[in-house]
Amino acid sequence: MSSESGQQDVESKPKSAGSTSAGHEYEDVLQIIGFGRVQWIVLFAAGLLLMMVINETMGMSYITIVSQCDFEMNSMDKAVMSAASFIGIFCSSYFWGYLSDTIGRRPVLIYTTIAGNFLSLCSTVIPNYWLYVFIRFGVGFFIAGASSTTYAYLGEFFTPRHRPIAINYASLFVGVSTVYVPATAWLILSMDWSVSVTDDFSLRPWRLLTICYLLPGVVGTLMLWSLPESPKILMSLHKTEEAFAAVDWIAVTNSGKHLHEFKVHKLKTEDNANGENILLISKSAFTTIKKMWKETMPLLRRPHLLNFVISCTIMCGLFFSSSGMGLWYPEIQNRLGSNTADDSMTVCQVIDASIDQMQANATNKICDDHINTKSYIDTITYGSALIVGYILMGLVINTIGRKASISIGLTLAGACAIALIFIKDEVAIVVCFCLYLVLPGLCVSILSGAVVDLVPTHLRGKAVCICLMLGRTGSVFGSNIIGVLLESYCSLTFGVFSGFVLVCASLTLLLPI
């Protein structure tokens, strides 16, 4: 079977003489037009939006360190600040995903990204801790639009043959972001300046860092502005003329020819398209919520309930480890790099020593918000490993399958977390940390693809959106558990993270993937 026939679009219709409407299938027209400039622009725009989401969430791992003196934060305060964006994403992901199905992908992507970037810019001049946390919650609330809608918009510009490749390359921007965040922090935070605005508020380099983190979103939004709405969603909304115009624009941009020159005069509409837009025709918020709940209920009934619950639990574990611990990775590496002891020490021994040093600093009223060079280098190494991991996982998954890829990856990650309790070698610590963070992170996209195959077509968008939304609660729990336990019960913290990952590895074996 050819690769083209082996990767059928789940929404494409079989060709038959008895079709209810004449015209060309959208995917067939994309095949006729060919891969070209539009697909590259969409790919880079989508990648930049995904990069912006990672910057705004994982970038807080550095900002919590360098802002701790300005906001007078302890470890728990840092955990709350780090989790604020994730909580915002959790609260709004399903709404933005549902809205993108009812009014279109492009407006959701553009306006939520603009709103998120605006709030992120506002946060650079916020002097109060709790107001800053609230603004970061708002940033997460809006950038969830890009987080939940980007893949749908991206995939609908590609043929079934190129779609998995496009999504994989877009995911590489997650790795690029993981390099961009520490590299930019290294450049900006090496500056030493301060501009006094009031007696209690000064602008310092870390506030400029926030602006650097939102730049990919600005560029991605500008690229989206020149692109049309997804023709697929336009046809689903019965906007056939707009859909045809969008596809004609793709044809002209890619090949310089209009659709009629390809003997394409009409697009075949979707037989199962539902023209009812509950968000536009309803005057009652209750009616809208009731409709959304009704369309979601099938996921919570047989035969989908068990597999869906298991998938959500595993996704929670993946974010719990990769993002929850990932938010603290620069902090932990910063403490390891600041260790001046001559003898080799375990991670927990270094953290215990750093607590003694912080207590001494507190006694002498010294606040240390310095980040050592080793922390930057180790995080860049982690990001580079993530990029390589995406490439290698694409090769391995075709050989051993999704179930084995996830279960083996999580088992290895759990073993690395246990090893971190005992090992003292600096290189081995970095390797184990990177593997613990990278492997669950790689499994997120694999599990998302598996969820798509576990439910019917009309439930897939909602299923993936809810699964990722619930998964991000793992980031919140993971970050706060470290904030509470790390300094008092360091070994227990790594044991909890290892145990959760190993449980998820076992649960993967129950999924029919």
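Residues numbered from 1 in each chain as written. Predicted model: local features only at pLDDT ≥ 70, side-chain atom pairs only at ≥ 80, totals over all residues. Heavy atoms only, no water.

The name recorded for the chain in an unreviewed UniProt entry is Synaptic vesicle glycoprotein 2B, from Drosophila mauritiana. In its Subcellular location (unreviewed entry) section, the UniProt record describing the chain reads: "Membrane". (UniProt positions renumbered as here; feature names shortened; annotations may be inferred.)

**Digging into the overall build of the chain**
Helix and strand counts for the chain stand at 22 helices and two strands. For the chain, buried positions account for 54% of its 513 residues. Taking the contacts inside the chain whose residues are at least 6 apart along the sequence as the reference set, 82% of them involve residues at least 24 apart. Surface accessibility of the chain: about 22,200 Å² in total, with carbon and sulfur atoms responsible for 64%. (Helix = DSSP H or I, 4+ residues; strand = E, 2+ residues; numbered from the N terminus. Buried < 20%, exposed > 50% of the residue type's maximum accessible area, 1.4 Å probe, protein only. Contact = heavy atoms within 4.5 Å. Areas by Shrake-Rupley, 256 points an atom, 1.4 Å probe, with all protein chains shown as cover.)

**Considerations on helix 10 (residues 205-225)**
Over its 21 residues, helix 10 runs 31 Å from end to end, which matches the ideal 30 Å to within 8%, given 1.5 Å per residue. The sharpest bend along helix 10 reaches about 35° and sits at L214, with the proline P216 one to four residues further on. (Expected span 1.5 Å × (residues − 1). Bend = angle between axes of the 7 residues up to and from the residue.)

**A look at the packing of aromatic side chains**
This model, assessed by the stated rule, comprises 21 aromatic pairs. Ring centres of W96 and F141 lie 6.1 Å apart, and the angle between their planes is 75°; on these two criteria the pair is classed as edge-to-face. Taken together, the residues W96 in helix 6 (residues 75-102) and F141 in helix 8 (residues 129-155) connect sequence positions 45 residues apart. Under the relative-accessibility criterion, W96 is labelled buried at 9%. Residue F141 is classed as partly exposed on the basis of its relative accessible area, which comes to 28%. Taken together, the ring pairs connect F95, W96, F134, F137, F141 and F142 into an aromatic cluster. (Phe/Tyr/Trp six-rings, centres within 6.5 Å; stacked < 30°, edge-to-face > 60°.)

**Re unusual backbone geometry**
Across residues other than glycine, the phi torsion is negative in most instances, and most of the peptide bonds are trans. One non-glycine residue, E72, lies in the positive phi region at around 55°. You can see E72 is positioned in the loop between helix 5 (68-71) and helix 6.

**Let's talk about the environment of E241**
Mapped onto the secondary structure, E241 falls in helix 12 (residues 240-255). Residue classification places E241 among the exposed residues on the basis of a relative accessible area of 69%. Along the backbone, E241 and P231 are 10 residues apart, and their C-alpha atoms lie at a distance of 9.9 Å.

**Things to note about helix 15 (residues 305-325)**
Compared with an ideal rise of 1.5 Å per residue, which puts 21 residues at 30 Å, helix 15 spans 29 Å between its outermost C-alpha atoms and is within 8% of the ideal. Of all 21 residues making up helix 15, 17 are buried, and the element is well covered by its neighbours.

**As for the packing of helix 3 (residues 37-58) against helix 6**
Packing of helix 3 against helix 6 brings their axes to within 8 Å, and their N-to-C directions diverge by 135°. If you check the angle between helix 3 and helix 6, you find them oblique. Here helix 3 contributes E56, T57 and M58 to the contact with helix 6, which in turn contributes S85, F86 and I89. Among the residues forming the contact of helix 3 with helix 6, the class breakdown is three nonpolar, two polar and one charged. (Axes fitted to C-alpha atoms, helices over the stretch in contact; angles between N-to-C directions. Parallel < 35°, antiparallel > 145°, perpendicular 65-115°, else oblique. Nonpolar A, V, L, I, M, F, W, Y, C, P; charged D, E, K, R; others polar.)

**Regarding the nonpolar core**
Side chains of nonpolar character tend, in soluble globular proteins, to be buried together. Judged by nonpolar contacts, the single largest core of 78 residues is most densely connected at M325, V347, F433, Y436, L447 and F494. By residue number, the principal contributor to this core is helix 20 (residues 426-454), which donates 17 residues. Taken domain by domain, this core gets at least three of its residues from each of domain 1 (23-268) and domain 2 (294-512). Setting aside residues no more than four positions away along its own chain, V347 makes contact with I332, L336, L420, I423, I429, F433 and F494. Counting residues in hydrophobic clusters, the runner-up holds 66 residues, among them A45, Y62, L234 and L267. (Core = buried A, V, L, I, M, F, W, Y, C linked by side-chain atoms within 4.5 Å. Domains from an automatic or database assignment.)

**Concerning the confidence of the model for the chain**
Residue-level pLDDT values for the chain average 79, and 86% of them are 70 or greater. Mean pLDDT across the elements of the chain bottoms out in helix 1 (residues 3-6) (38) and peaks in helix 7 (residues 105-122) (92). Contacts of residues 1-21 to residues separated by more than four positions or lying in other chains number 28 contacts, the stretch itself having pLDDT below 50. Low pLDDT, under 50, characterises residues 278-282; the predicted model gives this stretch 11 contacts beyond four residues in sequence or across chains. (pLDDT = per-residue confidence, 0-100.)

**Quick look at the state of the cysteines**
Counted by the stated rule, this structure contains one disulfide. Sulfur-sulfur distance for the disulfide between C348 and C490 comes to 2.1 Å. Taking the sign of the S-S torsion, -80° for the link of C348 and C490, the bridge is left-handed. Placement of the pair is C348 in helix 17 (residues 347-363) and C490 in helix 22 (residues 490-508), with a sequence separation of 142 residues. Of the two residues, C348 and C490, neither departs from the other in class, the shared state being buried. (Disulfide = S-S within 2.5 Å.)

**Some thoughts on the pattern of salt bridges**
When their charged atoms lie close together, side chains carrying opposite charge are able to pair. One pass over the full model with this rule turns up two salt bridges. For E56, the salt bridge is made with R136, and the minimal N-O distance between the two is 2.7 Å. Of the two residues, E56 sits in helix 3 while R136 sits in helix 8, which places them 80 residues apart along the sequence. Among the residues examined, E56 registers a relative accessible area of 2% and is labelled buried. Here R136 falls in the buried class, since its relative accessible area comes to 1%. (Salt bridge = Lys/Arg side-chain N within 4 Å of Asp/Glu carboxyl O.)

**Considering the side chain of S85**
Structurally, the position occupied by S85 is in helix 6. A polar contact of 3.3 Å, which involves the side chain of S85, links it to the backbone oxygen of R136. Leave out the neighbours within four places in its chain, and S85 touches E56, T57, R136 and G140. (Polar contact = N/O pair within 3.5 Å; in protein donor to acceptor, adjacent residues only side chain to side chain.)

**Regarding the packing of helix 3 against helix 12**
Where helix 3 contacts helix 12, the axes come no closer than 7 Å and their chain directions differ by 105°. Between helix 3 and helix 12, the interaxial angle falls into the category roughly perpendicular. Residues R37, V38 and Q39 of helix 3 form the contact with helix 12, whose participating residues are W249, I250, T253 and N254. Here the residues of the contact of helix 3 with helix 12 sort into three nonpolar, three polar and one charged.

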